[in-house]
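# Geometric and topological summary
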Number of protein chains: 2
Amino acid sequence: MKIQIVVYPDVTALDFVGPLQIWTAWPGAEIEVVAETTDPLPTDSVMSIIPTHSYQTAAMAPDILFIPGGAEGNLRAIQNDALLVFVRSRAEAAKWITSVCTGALILGAAGLLKGYRCTTHWLVFDHLKGFGGIPVAERWVIDRNRATGGGVTAGIDFGLRLMGEIAGRETAEAAQLVVEYAPKPPFDSGSPENARNETCDSIRAALSDYLRTLEGIMEAESARLAPMTTRDEV
Amino acid sequence: MKIQIVVYPDVTALDFVGPLQIWTAWPGAEIEVVAETTDPLPTDSVMSIIPTHSYQTAAMAPDILFIPGGAEGNLRAIQNDALLVFVRSRAEAAKWITSVCTGALILGAAGLLKGYRCTTHWLVFDHLKGFGGIPVAERWVIDRNRATGGGVTAGIDFGLRLMGEIAGRETAEAAQLVVEYAPKPPFDSGSPENARNETCDSIRAALSDYLRTLEGIMEAESARLAPMTTRDEV
């Protein structure tokens, strides 16, 4: 059971540490944390990490290929050809192609979500369509061999669900008990439906630069791809 | 707002990345990830991290002193004099003295839980008494300036709750929405009360060496401290 977690500069730490911790309790799992090089890699959360593998040493055919998300770092990632080439190369033989949060935008930019039901962080939910994905408003979505999770903390639910799908419910339940996952949020503000309007507005405002840049990238990309699409359709 | 996260070899990654990610959305927070040195530090989850500060460079008076847990690494930590001296030194001026999971055992070994209501991972819940703590079976417990969380994933609930306590509910609610914390566990196996008996037994069996070693350490410690206690009481 080979699991490949692909990280990149300024990745959101909890996006991948949630599933990583769950899968660490997976008997027999070999987990690779892969980046372009094994130099220290900054996350979005003061801490840098040391990847275990580089693009050169990463397994060719992982059972699970998993891409976590990020904010500014994600914008650079979806334009990073070396990263997209690597993701496509491992996706060819991977049994499962998966993401959490804005990691879905990287799968999308790599052309791996076309025609798939999928999900991502609430803030960029509608943007999945720009990559040919079919957004579904669930905590996690499984469509054929694509498994995608919502924003950040959804990685824990996603990680358990995928583990249950592959290894069986009892194995996943043991992992859940090890990490004492009996959540009890002290506030009810975890989704735009539940949060106060002012809270949503403040986050949209704080991330308005991120959203504007993302939309610019997607427009440029779609302009670049448009003639091809037309030619294909003729 | 200065937050000091104290890590040590083989710390459980999600124990501290949960609160770290929540607190990264805390406006004005300065977060230190502190270890004995700033050399790469292995976690329990294949990935190593780079601490931002060493014992020498860490702030003297953090607003929050926070200790995450671990399994084998935690056993070494509760016997590590340099770590306990560091924790005591920062606890002297810290506004809040806090932990998640078996981080509570480190606070306990440093003598910082005596007479305090507190919690930890379900597997070692009763052991808090051995350090003079008063175990309370809650997801998080706040008693005066001690805030403790349950096992691993409880760090997210703990982190939000403490943020709400200090910075106000609205700030914590915004952090909750950023990380889309609307948990939806796919299975109901996150606590010994909910999990199947066989699941609990399998985890107790897998961690029996850990528990036996912990109990040995606590017996030796209590034998060493017993004469002092008697002298004090006479």
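Just above sits the structure.
Attention in this report is confined to the structure presented alongside it.

About the thresholds
Residues numbered from 1 in each chain as written. Chains lettered and ligands numbered in written order. Predicted model: local features only at pLDDT ≥ 70, side-chain atom pairs only at ≥ 80, totals over all residues. Heavy atoms only, no water. Helix = DSSP H or I, 4+ residues; strand = E, 2+ residues; numbered from the N terminus. Buried < 20%, exposed > 50% of the residue type's maximum accessible area, 1.4 Å probe, protein only. Contact = heavy atoms within 4.5 Å. Areas by Shrake-Rupley, 256 points an atom, 1.4 Å probe, with all protein chains shown as cover. Lys, Arg positive; Asp, Glu negative; His and termini not counted. Charge placed at Lys NZ, Arg CZ, Asp CG, Glu CD. Buried area = accessible area lost by both parts, 1.4 Å probe. Salt bridge = Lys/Arg side-chain N within 4 Å of Asp/Glu carboxyl O. Polar contact = N/O pair within 3.5 Å; in protein donor to acceptor, adjacent residues only side chain to side chain. Nonpolar A, V, L, I, M, F, W, Y, C, P; charged D, E, K, R; others polar. Pairing = 2+ DSSP bridges. Core = buried A, V, L, I, M, F, W, Y, C linked by side-chain atoms within 4.5 Å. Arc of directions from axis to C-beta.

A word on the overall build of chain A. Broken down by element type, chain A carries eight helices and 11 strands. Its C-alpha atoms give chain A principal-axis dimensions of roughly 50 × 45 × 35 Å. Scored against the burial criterion, the 234 residues of chain A give a buried share of 57%. Here the contacts in chain A between residues at least 6 apart in sequence split such that 65% fall between residues at least 24 apart. By element, 51% of the accessible surface of chain A is carried by carbon and sulfur atoms, the whole surface being about 9200 Å². Positive and negative side-chain charges in chain A, numbering 19 and 29 respectively, have mean positions lying 4 Å apart.

The subject of this paragraph is the interface of chain A and chain B. On the side of chain B, 62 residues touch chain A, which itself brings 62 residues to the contact. It is Leu177, Glu180 and Phe187 of chain A in chain A that bury the most area against chain B; as a group they hold 15% of the surface buried on that side. The shortest N-O distance in the salt bridge between Glu173 of chain A and Arg196 of chain B comes to 3.2 Å. Viewed at the interface, chain B and chain A are joined by 38 residue pairs in polar contact (both at pLDDT 80 or more). Secondary structure elements with two or more residues in the side of chain A that touches chain B: helix H1 (13–24), strand S2 (30–35), strand S4 (48–50), helix H5 (154–167), helix H6 (169–178) and helix H7 (197–206) of chain A. Looking at the side of chain A that touches chain B, its residues break down into 32 nonpolar, 18 polar and 12 charged. Two elements, S4 of chain A and strand S4 (residues 48–50) of chain B, share three bridges in a ladder whose sense is antiparallel. Residue pairing in the sheet places Ile50 of chain A in a bridge with Ser48 of chain B of S4 of chain B.

Before going further, it helps to examine the nonpolar core. What tends to happen in soluble globular proteins is that the nonpolar side chains get buried as a cluster. In terms of nonpolar packing, the biggest core is built from 151 residues, with Trp23 of chain A together with Trp23 of chain B touching the most fellow members. Excluding residues that lie within four positions of it along the chain, Trp23 of chain B makes contacts with Ile3, Ala29, Ile31, Ile64, Phe66, Phe158, Gly159, Leu162 and Met163 of chain B.

Counted according to the given criterion, the structure contains 24 salt bridges over all chains. Arg212 of chain A is the salt-bridge partner of Asp209 of chain A, the closest N and O atoms lying 2.6 Å from each other. Linking Asp209 of chain A with Arg212 of chain A, this pair stays in helix H8 (residues 208–233), spanning three residues, or about one helical turn. Judged by its relative accessible area of 54%, Arg212 of chain A is exposed. The closest approach of N and O atoms between Arg196 of chain B and Glu198 of chain B, which form a salt bridge, is 2.8 Å. A network of salt bridges, in which partner residues are shared, links Arg169, Glu170 and Glu173 of chain A together with Arg196 and Glu198 of chain B.

Within H7 of chain A, the full set of buried residues consists of Thr199, Cys200 and Ile203 of chain A. Buried residues of H7 of chain A, viewed axially, fall in a sector of 100°; they line one side. For H7 of chain A, the elements touching its buried residues are helix H6 (169–178) of chain B.

What follows is about unusual backbone geometry. Only a minority of non-glycine residues have a phi that is not negative, and only a minority of peptide bonds are not trans. Of note, Arg144 of chain A is a non-glycine position whose phi angle comes to about 50°, a positive value. Considering the arrangement of structural elements, one finds Arg144 of chain A in the loop between strand S10 (140–143) and strand S11 (146–149).

As a further point, take the sheet that holds S4 of chain B. The sheet built from four strands is open, its strands ordered S3(A)-S4(A)-S4(B)-S3(B) with antiparallel pairing. The open sheet has two edge strands, strand S3 (41–42) of chain A together with strand S3 (41–42) of chain B, and neither has a second partner.

Purely spatial values, then, with no claim about function.
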